[in-house]
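Structure assessment
Chain by chain, the residues run as shown.
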Amino acid sequence: MSELTLTLIKLGFLAVLWLFVLSAVSVIRTDIFGKKITTQDKPREPKPRKVKRRRMRGAPTTLQIVDGPNAGQSVPLGDGPILLGRGTDAAIRLDDDYVSTRHARFATNGEQWFVEDLGSTNGTYIGNQRVTSPVPVSIGTSVRLGKTIVELRK
Amino acid sequence: MSSPLNPVWIPRKRRGAELGLLVLALVIGIGSYAAVGLGFNGQVPSGIYTVGGIYALVALGAHVAVRRFAAYADPVLLPLVVALNGIGLVMIYRIDLGLDAAGSPFGPFAQGQLRWTVLGILLFVGVLVLIRDHRRLQQYTYTFGLGALVLLVLPILPVIGNAKRGAQIWIQLGPFSFQPAEAAKIALAIFFAGYLVAKRDALALAGRRVLGVDLPRGRDLGPILVGWLASIGILVFQRDLGSSLLFFGLFVVMLYVATERPGWIVVGGLLFAAGSWFGYTAFGHVRDRFDAWLDPWADPDRNYQIITALYGLGHGGLLGRGWGQGSPEITPFGFSDFILSSIGEELGLAGFMAVLLIYGLIVERGLRIALTCRDAFGKLLAVGLTVSFALQVFVVAGGVTRLIPLTGLTAPFLAAGGSSIIMNWIVVALLLRISDQTRRPTPAVAAIGVDDATQVVKL
């Protein structure tokens, strides 16, 4: 093996190593900027109708209790998270036997609101889907906790 | 998704990009294997087809498993890890050759390392298959906490505990020896994540404000003191400086991330300083490490290892000696604790920096996964796993290059050592699982409809 060949192998290997590092970086770069931006498929019927009827655009301002023992109560939305449950530290104390002490939390990231179940006994539902992780909720989406139904309102 | 017409982000799966990078990573691994043979004795190693084939097979198998079980996972992590693991395997093989030529009684290590790698990748696939949702781990928070405690205590038990090279960190079960600290690292990350998700509200309460930093209240200092005492315990009973540092650093960083209060870093730093001072004054082995760091040439016989490692790095220079043409086997444990200096010698600063950059990219991906993760537990778990990885790399690379005192942790994926390689593959599997959950598009949310809603019984 001549000295020259070995030097070429050495330099070639370093070149491939750096090529690998740089291509990994470029994949990361496209991963940051290259996310496909698509329009969400037309959602199911009831939601747009509700949205249109109440002429709601922009951010919700209140959390309204629509059904259940506390129906009619509401709480204004700020920047902080809102805790729902039977406990004394909840934003609205729900007199609902099917609701846990710390049942669910509404939180915002500044753009949209999420509902997150806090390990409640009977679960938090959107439609017939149980909430297991923070799920984005839009204005007019009914969220059910026990026998209570809450909605975001403008 | 706040309003139905808003554009939404759908992260791409990028599995094709992953495959491309993976092939490049395999070219690096198998190419360096061939280069070692060419550089050492002028011929390609006879095992190039079998060893290269096995490695390519398991790596591609891991890729297929990711495609099948974690389709939305991060595309860069797996190739980065495969590249590191390949370079490590070849470096160990190269040192085997050197030790053999020098007639050393040590070795060979490469075959065992390849076996452990295969086993590690199998466990990687196993974790991806078994843990379909990382949030399930949160249910076992305290089980993992107890498990970590048991694993940490195991090496100092009388029968199975085994002191090697001055540190009591091994357990011996028949012919197998195992370093439980590596497994404890993962269990602790899971435990801290689960614990802090539950308790962070209490720990985030502000106490006194000193110089613009919110210091925690005295009565909230309990957990951090327990963590500190446990780390000191590891230092005292197992004489393992590295793990002690790693666990305490992990806890402080996770505490900081969970509570967003810099005060914890201040408290942690003070405790760390106190612990270091205590270690320095109380233990001979800590003082030896410090002295070897400050002036290795004062006692060349005792500091032979670090001195040869430094000369190795110098010998490597900018572009290295080339695979198979340096003499990294001179450094004791050049295949495990000092593998980074061996790489620096054969691949030079250029190769050493590439390896460090690969480590950096792995850490970046880990933190990115934590940033995009939606649930608090997953966020903290990703941070914990990544930070433990980053700390380990920093401590090893810093120790070998004499930036900080040497502590004896292993370079993840590079150094010879079964427990380390297996546990690090599991860490990567967990990170990919969290990343898959995070990047997976959220299921469409159906509004409540009269027909399909669960009926609420009116009483």
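My aim in this report is to walk through the structure given alongside it, one point at a time. (Residues numbered from 1 in each chain as written. Chains lettered and ligands numbered in written order. Predicted model: local features only at pLDDT ≥ 70, side-chain atom pairs only at ≥ 80, totals over all residues. Heavy atoms only, no water.)

1. Details of the overall build of chain B
Within chain B, the secondary structure is distributed over 14 helices and 6 strands. Residue burial in chain B is summarised as follows: out of 459 residues, 56% are buried. The long-range share in chain B, meaning contacts at least 24 apart out of those at least 6 apart in sequence, stands at 74%. (Helix = DSSP H or I, 4+ residues; strand = E, 2+ residues; numbered from the N terminus. Buried < 20%, exposed > 50% of the residue type's maximum accessible area, 1.4 Å probe, protein only. Contact = heavy atoms within 4.5 Å.)

2. Observations regarding the packing of helix α3 (residues 77-101) of chain B against helix α4 (residues 110-130) of chain B
Residues and elements named next belong to chain B. One way to put it is that α3 packs onto α4 with a least axis distance of 9 Å and a crossing angle of 165°. As summarised for this structure, α3 and α4 are arranged roughly antiparallel, according to the angle between their axes. Here α3 runs over α4; the crossing is right-handed. On the side of α3, the interface is formed by Leu78, Asn85, Leu89, Ile92, Tyr93 and Asp96, while α4 contributes Ala110, Gln113, Leu114, Thr117 and Phe124. In terms of residue class, the contact of α3 with α4 is made up of 7 nonpolar, 3 polar and 1 charged. (Axes fitted to C-alpha atoms, helices over the stretch in contact; angles between N-to-C directions. Parallel < 35°, antiparallel > 145°, perpendicular 65-115°, else oblique. Left-handed = near helix turned anticlockwise from the far one by under 90°. Nonpolar A, V, L, I, M, F, W, Y, C, P; charged D, E, K, R; others polar.)

3. Here's the deal with the sheet that holds strand β5 (residues 92-93) of chain A
All names here are of chain A. The strand order across the open sheet formed by 5 strands is β5-β4-β6-β7-β10, and the pairing between neighbours is mixed. Among the strands making up the open sheet, the edge pair consists of β5 and β10 (135-137). Bridge count for strand β7 (residues 113-117) against β10 is 3 bridges, and the pairing is antiparallel. The partner of Val115 across the bridge, within β10, is Val135. (Pairing = 2+ DSSP bridges.)

4. A word on the packing of aromatic side chains
Applying the stated criterion across every chain yields a total of 16 aromatic pairs over all chains. Their ring planes at 80° and their centres at 5.6 Å tell us that Phe13(A) and Trp323(B) sit as a pair that is edge-to-face. Of the two residues, Phe13(A) is situated in helix α1 (residues 3-33) and Trp323(B) in the loop between α11 (304-316) and α12 (339-372); the pairing between them involves two chains. Residue class for Phe13(A) comes out buried when judged on its relative accessible area of 8%. You can call Trp323(B) buried: its relative accessible area is 4%. Note on Tyr280(B) and Phe290(B): the rings are 5.1 Å apart at their centroids and 80° apart in plane angle, and the pair reads as edge-to-face. (Phe/Tyr/Trp six-rings, centres within 6.5 Å; stacked < 30°, edge-to-face > 60°.)

5. So, the pairing of β7(A)
All names here are of chain A. Within β7, 4 of the 5 residues are buried, leaving the element largely enclosed by the surrounding structure. Direction of pairing for strand β6 (residues 104-108) relative to β7: antiparallel, over a ladder of 5 bridges. Bridge pairing in β7 links Arg105 to Glu116. If you look at the hairpin formed by β6 and β7, you'll find 4 residues sitting between the two strands, and Gly110 has a positive phi there, around 100°.

6. Regarding the nonpolar core
The biggest cluster of nonpolar side chains holds 144 residues, and the ones touching the most others in it are Phe20(A), Phe124(B) and Leu414(B). Those residues in contact with Leu414(B) that lie beyond four places of it in its chain are Leu84(B), Ile87(B), Gly88(B), Ile92(B), Gln113(B), Ile339(B), Leu340(B), Ile343(B), Val355(B) and Tyr359(B). Counting 21 residues, the second largest nonpolar core, distinct from the first, contains Val75(A), Leu84(A), Leu94(A) and Val135(A). (Core = buried A, V, L, I, M, F, W, Y, C linked by side-chain atoms within 4.5 Å.)

7. Quick notes on the pattern of salt bridges
Residues and elements named next belong to chain B. Under the counting rule described, the total for this entry stands at 12 salt bridges over all chains. Ionic pairing is found between Glu329 and Arg94, a salt bridge with its closest N-O pair at 3.7 Å. On the criterion of sequence distance, the pair formed by Glu329 in the loop between α11 and α12 and Arg94 in helix α3 is long-range, its members being 235 residues apart. Here Glu364 and Arg365 are joined by a salt bridge, their closest N and O atoms 3.2 Å apart. Judged by its relative accessible area of 28%, Glu364 is partly exposed. (Salt bridge = Lys/Arg side-chain N within 4 Å of Asp/Glu carboxyl O.)

8. Points about the packing of helix α8 (residues 241-259) of chain B against helix α9 (residues 263-282) of chain B
Residue and element names in this part refer to chain B. Where α8 meets α9, the closest approach of the two axes is 9 Å, and the angle between their N-to-C directions is 165°. Taken together, the axes of α8 and α9 lie roughly antiparallel to each other. Note that α8 runs across α9; the crossing there is right-handed. Listed contacts from α9 to Leu245, Phe248, Val252, Leu255, Tyr256 and Thr259 of α8 are Trp264, Ile265, Gly268, Leu271 and Phe272. Residue composition of the contact of α8 with α9, grouped by class: 9 nonpolar, 2 polar and no charged.

9. Some details on the sheet that holds strand β9 (residues 129-130) of chain A
Sheet strands associate in pairs through backbone hydrogen bonding, adopting either a parallel or an antiparallel arrangement. Residues and elements named next belong to chain A. The strand order across the open sheet built from 6 strands is β3-β2-β12-β11-β8-β9, with neighbouring strands paired in antiparallel fashion. The open sheet is flanked by β3 (74-76) and β9, the only strands paired with a single partner. For strand β2 (residues 62-67) and β3, the ladder comprises 3 bridges, and the chain directions are antiparallel. Pairing of Gln64 across the sheet is with Ser74, part of β3.

10. Side note on the side chain of Thr117(B)
All names here are of chain B. Structurally, Thr117 is set in helix α4. Polar contacts involving the side chain of Thr117 include one to the main-chain carbonyl oxygen of Gln113, which spans 2.8 Å. If near-sequence neighbours (up to four positions away) are discounted, Thr117 is found in contact with Tyr55, Asn85, Leu89, Ile421 and Trp425. (Polar contact = N/O pair within 3.5 Å; in protein donor to acceptor, adjacent residues only side chain to side chain.)

11. A word on unusual backbone geometry
What is expected of a backbone is that most residues other than glycine have negative phi and most peptide bonds are trans. All names here are of chain B. A positive phi is found at Arg402, a non-glycine position, where the angle reads about 65°. Positive phi outside glycine occurs at Phe413, with the angle close to 70°. Relative to the elements of secondary structure, Phe413 occurs in the loop between α13 (376-400) and α14 (418-439). With relative accessibility at 0%, the residue Phe413 sits in the buried group.

12. Overview of helix α5 (residues 141-153) of chain B
One turn of the α-helix equals 3.6 residues, which is why residues spaced by three or four share an orientation. Residues and elements named next belong to chain B. The first and last C-alpha atoms of α5 sit 19 Å apart over 13 residues, in line with the 18 Å expected at 1.5 Å per residue. Residues of α5 that are buried: Thr141, Gly145, Ala148, Leu151 and Leu152. Burial along α5 is one-sided: seen end-on, the buried residues are contained in an arc of 130°. Counted as exposed and oriented over 90 degrees from the buried face of α5: Tyr142, Thr143 and Leu146. The inward-facing, buried residues of α5 contact α6 (180-203), α7 (222-238) and α8. (Expected span 1.5 Å × (residues − 1). Arc of directions from axis to C-beta.)

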